[in-house]
Every structure is written in C-alpha cells, then in structure tokens.
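# Analysis of the macromolecular model
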Amino acid sequence: MRVLVTGASGTVGSLVIRRLLDRGAAVRALSRDPARRIFPKGVDPVEGDLERPATLDGVFDDVEAVLLYPHPETAEEVVDRIRRSGVRRIVLMSSASVRTDPDAEHDFGHLHHRPVEEAVERSGLEWTHLRGGEFMVNDLDSLPDSIRTEGVVRAPRGDEPGAPVHEADMADVATVALLEDGHHGRAYEITGPEPITPAERAAVIAGALGREITFVALTLAEARDLWLAQGVPPEICDWLLWESDPGEEDAAAPDDCVSPDYERVMGRPGRTYARWVDDHLDAFR
C-alpha cells in the first residue's frame, strides 16, 4: 500500500511515517520545501501546499490512503483532488473540539475542524476522523524554560483535570486506520489514559527530575498575557481560555475526560503523562 502523509515533518506526521515504514508500506511525504527536510530512507518526498491546491497536481497519483491535516479554506478542493486521483481512504487529523457549540463566540476549534470533517464525509471515500484534544507535547512549548531557570510551572485552573494525549498514541491510531480495514465512518477521540491536573503534571516532572518544582496558579487574564508573550495568536488564547472556563454547571467529572477509543483500537492502554515526561526528560533538565 502507498500512503501519502501530509504534515510529514510535524510531531505526529513524522512518527506515522516511521510506523508505516516499519509495517512495509510505501510512503510519500508532502512538504512545502522537501529539499530542506530530512526524511527516513525509503520515503518519497513530494512538493506541495494544502493551502494552495494548484500545487498538488500528481501528488495523490497511485496513492491508496492519505493522512490529512486540516485546512478549512481549501478543504473542498483538496478533498476533491484526492477523490479524483483514485485514493480510497482518508484519515483526518481532527479535534475533539468539534463536539462543542458551533455558535459559541470563541469556538475556534469547531470552526477550524468541522468544515474539513464535512468535506471528507461528503467525498464518498472511506474516512476516519482522529479527534485529538490537548497534546502532552504542547508542554514543551510552555514549561521547560521556567522549570530550568526558576523551578516554577505557571498555568490557570491548576486543579482542573484533563487527559492530554501522548503524540505517539495519535500516531499509533493513525497508522492502524491508514493500513487496516474496519475503521471507515469512525470518529475516534484520542485522549490520555488517566485524568491529571496541571498541578499534578508539575509534580510528575518534579519527581522525574528529582527536584522541587513550584506550581503557580494563574488567573485567566494572567494566563492570556503569558501565552501572548510566548507567541500564541490572540484567537487561540481566547479559545483556550473559553475552554478553560466552562462554568460550574458544565465542569466534567475527572473520569469523563478520558476516552476509551485508544484502548479499543490498539488493545492496550495509552501512554501516561509520566511516560511522556520520561520520553522527553532532557528538555526539562
């Protein structure tokens, strides 16, 4: 089977490529500038940009399955090109946010991801949606500097549990859905295997490092200022803060944030946050 991976140099895409190669698939990797990317031996790099569908001529030829990243502005045209090229299967990297209120003022997640899901569903091809929530790997953007220099983690709502997902778990399910039958028409919500609060995540990192780390709870306004300073776009800040402040009556019980879909697909529990910290411990030293 030949599989085309978009987002090939990204965190999940790069892991999917290695898993596909390990399982004997032929892999084509889409990149805006493949000459500047280093892909594993055996990968066929091709140039193209999902934001500019005219650059995709021939990219999907002789491809059976596509791992697709969302670009809502061009989704209809890109999916049509995939369909007309004879591709049989699309696995879409979507988001759990599609389940929220599409009319909500700050619901960037739904507005960004659901139009792509709908375009894929209308294509008539086999499709699987992978709805990830928060990724553990996002902590590499926000935590290492303050941990290394101050021994501090700053975050809002430190006692609110979530179930962030290890990027390797997303890659596992994506690989299975690309290569194996039985996943057509499924929307899998992929989370971590256990609820964990921001304060508890800081404690896990502290235990792995063998040093004290102080958790500082931020107000929502303080969190917005911090994220803006870290380069997070304002609309993403507003969306994250809206998701972080659901209101007393809407707050989920801890177990409600954990989805069973990873274990159902893979037959084993997902990777814990402690496992993720061990995998990335050098970033915090």
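Just so it is clear, the structure is predicted and the values come from calculations on it, not from any experiment.

## Notes on the packing of helix α1 (residues 11-22) against helix α6 (residues 167-179)
Following both chains from N to C, one finds α1 and α6 inclined at 50 degrees, their axes separated by 8 Å at the closest point. With respect to α6, the element α1 is oriented oblique. Viewed along their axes, α1 and α6 form a crossing whose handedness is right-handed. Seen from α1, the contacting residues are T11, V12, L15, V16, R19 and L20; seen from α6, they are E167, A168, M170, A171, D172, A174, T175, L178 and L179. For the contact of α1 with α6, the per-class residue count stands at 10 nonpolar, 2 polar and 3 charged.

## Some remarks on the pattern of salt bridges
Applying the stated rule across the entire model yields 32 salt bridges. With a shortest N-O distance of 2.4 Å, D169 and R271 are connected by a salt bridge. Of this pair, D169 sits in helix α6 while R271 sits in the loop between α10 (261-266) and α11 (273-279), and the two are 102 residues apart along the sequence. Each of the two residues, D169 as well as R271, counts as buried. Look at the salt bridges and you will find they share partners, linking R19, D169, D172, R268 and R271 into a network.

## Let's talk about the environment of H129
Here H129 lies in strand β6 (residues 126-132). We classify H129 as buried; its relative accessible area is 0%. Remark: the alpha-carbon pair of H129 and R84, spanning 45 residues in sequence, is separated by 20 Å. In contact with H129, not counting residues within four places along its chain, are L92, R114, E117, V120, E121, R186, A187 and Y188.

## What to know about the confidence of the model for the protein
Across the protein, the average pLDDT comes to 91, with 91% of residues at or above 70. Under a pLDDT of 50 for its full length, residues 246-252 has, in the predicted model, 3 contacts with residues more than four places off or in other chains.

## Remarks on the nonpolar core
The biggest cluster of nonpolar side chains holds 47 residues, and the ones touching the most others in it are V5, V16 and L20. A total of 8 residues in this core trace back to one element, the largest contributor, which is α6. Excluding residues that lie within four positions of it along the chain, L20 makes contacts with V3, V5, A25, V27, T175, L178 and L179. In this structure, V78, I82, A119 and L125 belong to the second largest nonpolar core, which totals 22 residues.

## Here's the deal with the packing of aromatic side chains
One pass over the full model with this rule turns up 2 aromatic pairs. Where W276 meets F284, the ring centres are 6.0 Å apart and the plane angle is 75 degrees; that geometry is what we call edge-to-face. By the burial criterion, W276 is buried, and F284 matches it. An aromatic cluster of three or more residues is present, and its members are Y273, W276 and F284.

## Focus: the sheet that holds strand β1 (residues 2-5)
Overall, parallel pairing links the 7 strands, which are arranged β3-β2-β1-β4-β5-β6-β8 in an open sheet. Sheet topology places β3 (43-47) and β8 (186-190) at the edges, where each strand pairs with a single neighbour. This sheet shows a mean twist of 20 degrees between the axes of neighbouring strands, independent of strand direction. Sitting on the sheet, helix α2 (residues 75-84) touches β4 (65-68) and β5 (89-95), and the angle it makes with β4 is about 165 degrees. Set on the sheet, α6 makes contact with β1, β4, β5, β6 and β8; between it and β5 the angle comes to about 155 degrees.

Calculation notes
Residues numbered from 1 in each chain as written. Predicted model: local features only at pLDDT ≥ 70, side-chain atom pairs only at ≥ 80, totals over all residues. Heavy atoms only, no water. Axes fitted to C-alpha atoms, helices over the stretch in contact; angles between N-to-C directions. Helix = DSSP H or I, 4+ residues; strand = E, 2+ residues; numbered from the N terminus. Parallel < 35°, antiparallel > 145°, perpendicular 65-115°, else oblique. Left-handed = near helix turned anticlockwise from the far one by under 90°. Contact = heavy atoms within 4.5 Å. Nonpolar A, V, L, I, M, F, W, Y, C, P; charged D, E, K, R; others polar. Salt bridge = Lys/Arg side-chain N within 4 Å of Asp/Glu carboxyl O. Buried < 20%, exposed > 50% of the residue type's maximum accessible area, 1.4 Å probe, protein only. pLDDT = per-residue confidence, 0-100. Core = buried A, V, L, I, M, F, W, Y, C linked by side-chain atoms within 4.5 Å. Phe/Tyr/Trp six-rings, centres within 6.5 Å; stacked < 30°, edge-to-face > 60°. Pairing = 2+ DSSP bridges.

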